[in-house]
Amino acid sequence: MESCYYERVDDIPNSDDDADDFEYFSPTAATLSVWASDIQHGGPPAGLLMRSLLRCAPDPTQEFTRVTTEILGPIGLGLNRVRARVVRPGQQIALIEADLEVRQPGGRYRLAAQSVGWRMRTTDSTTITRAPREPLPSPETLPVVRGVTGDSDLGVDWGTVGFIGTTDTAATPGLHGQTPAVWIKPSIDLVEGETMSNLESVFTVLDVANGLGTTLRPDEWTWMNTDTTVHLVGQPTTPWLGIDADMAAGRHGYGATFADLYDVDGFLGRSAQTVLLGPR
């Protein structure tokens, strides 16, 4: 198994003049989507974008409270480059944006994904703390397995192929729909030689909410999400993310997946994903 999702690339030949502020990465086989062998799963790119957001003009008095990641097209396995900028500076709130571009066969780069995050200043609000959900059972009390399921009868291997096969998971009864809540974390590093932060870990796996929240069969339907928006009420204290998701399918070929998110200490926030539905 690969040891990381991305390897740093420092020597970039034939780079364009606008490339000085980019970081370059080569995606490994651990980023692969289960849907196709030539594109990445949405999770690792979201983690790489969060890494870039965290490193852009960091302010220890602020924390990210809302992040939206847009998947603008297939995220290929060619050379990836990422950069971030401050869109709206401020002491109370700041808006940070990060772009991920993929090098095409002809050498040009195409914008494939983008994250925009609000950072807010922190203050003590302990006396009014309230969570809308009780904590999930700790992953330390549950059986942990690699991947989600290796059941080949589903038509897609959710257990050993590509990105899903690099995650550790633990299931527990959910509060929404007919699907379980699942604890999940990456089992390898985001970038070679780096220790992944808890926030990077959470955003690397958060995209899977769309797959966890449905009972549709992947050999009968596809349910591709085009975006993920996350609202946080705190910061993760470990790499584990608890996801209790449910997908609403509409009548006209689209729907949405909504999820309650958990840290080992309790409720962490909520996510929403737009879903494009299609019969196989």
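Our subject is the structure that appears above.
Notes on the structure follow. Given the structure is predicted, the values throughout are model-derived calculations rather than measurements.

The topology assignment puts Arg108 in the loop between β5 (93-103) and β6 (109-121). Leaving out residues up to four positions away in the same chain, Arg108 has contacts with Val102 and Arg103.

With that settled, consider the side chain of Arg119. For Arg119, the location among the structural elements is in strand β6. Of the side chains with opposite charge, Asp59 lies nearest to the buried Arg119, which makes no salt bridge, at 4.9 Å. Among the polar contacts made by the side chain of Arg119, one reaches the side chain of Gln62 at a distance of 2.9 Å. Discounting chain neighbours no more than four positions away, the residues touching Arg119 are Cys56, Ala57, Pro58, Asp59, Gln62, Glu63, Phe64, Gln92, Ile93, Ala94 and Ile96.

Think of it this way: side chains of opposite charge can pair up when their charged atoms draw near. Overall, the coordinates contain 14 salt bridges when judged by the stated rule. Between Arg8 and Asp10 there is a salt bridge, with its nearest N and O atoms 3.7 Å apart. A salt bridge links Asp168 to Arg146, with the nearest nitrogen and oxygen atoms 2.8 Å apart. Here Arg146 lies in strand β7 (residues 145-146) and Asp168 lies in strand β8 (residues 167-172), a separation of 22 residues in the sequence. Taking the relative accessible area as the measure of exposure, Asp168 reaches 12% and is therefore buried. One connected set of salt bridges, linked through shared partners, spans Arg8, Asp10, Glu23, Arg51, Arg55 and Glu194.

Considered as a void within the structure, the second largest pocket measures approximately 800 Å³ in volume. For the second largest pocket, the lining is made up of 28 residues, of which Ser125, Thr129, Val233, Gly234 and Gln235 are closest to its centre. Looking at the lining of the second largest pocket, the elements with two or more residues in it are β3 (62-71), β6 and β15 (266-279). When grouped by side-chain class, the residues that make up the lining of the second largest pocket number ten nonpolar, ten polar and eight charged.

Counting buried positions over the eight residues of helix α2 (residues 198-205) gives seven, a clear majority of the element. Within α2, the full set of buried residues consists of Leu199, Glu200, Ser201, Val202, Phe203, Thr204 and Val205.

Gaps left between atoms show up when a probe the size of a water molecule is rolled over them. Counted according to the given criterion, the structure contains one cavity of 30 Å³ or more. Taken together, the residues that form the lining of the largest cavity break down as four nonpolar, three polar and one charged.

Considering all chains together, one arrives at five aromatic pairs under this definition. The ring of Phe22 has Arg81 lying over it, and the distance from NZ or CZ to the ring centre is 4.0 Å. Positioned above the aromatic ring of Trp240 is the side chain of Lys185, whose terminal nitrogen or guanidinium carbon lies 5.3 Å from the ring centre.

The residue Ala57 is not glycine, and still its phi comes out positive at about 45 degrees. Tracing the backbone through its elements, the reader meets Ala57 in the loop between α1 (43-55) and β3. Overall, the relative accessible area of 42% leaves Ala57 in the partly exposed class.

Definitions and limits used
- Residues numbered from 1 in each chain as written.
- Predicted model: local features only at pLDDT ≥ 70, side-chain atom pairs only at ≥ 80, totals over all residues.
- Heavy atoms only, no water.
- Helix = DSSP H or I, 4+ residues; strand = E, 2+ residues; numbered from the N terminus.
- Contact = heavy atoms within 4.5 Å.
- Buried < 20%, exposed > 50% of the residue type's maximum accessible area, 1.4 Å probe, protein only.
- Lys, Arg positive; Asp, Glu negative; His and termini not counted.
- Salt bridge = Lys/Arg side-chain N within 4 Å of Asp/Glu carboxyl O.
- Polar contact = N/O pair within 3.5 Å; in protein donor to acceptor, adjacent residues only side chain to side chain.
- 1 Å grid on protein atoms, 1.4 Å probe; cavity = no way out; pocket = protein on both sides within 12 Å on 5 of 7 lines; lining within 4 Å.
- Points joined across faces, edges and corners; volume = space filled by probe spheres on them.
- Nonpolar A, V, L, I, M, F, W, Y, C, P; charged D, E, K, R; others polar.
- Phe/Tyr/Trp six-rings, centres within 6.5 Å; stacked < 30°, edge-to-face > 60°.
- Lys NZ or Arg CZ within 6 Å of the ring centre and 35° of its normal.

Treat this as a map of the structure, not an account of what it does.
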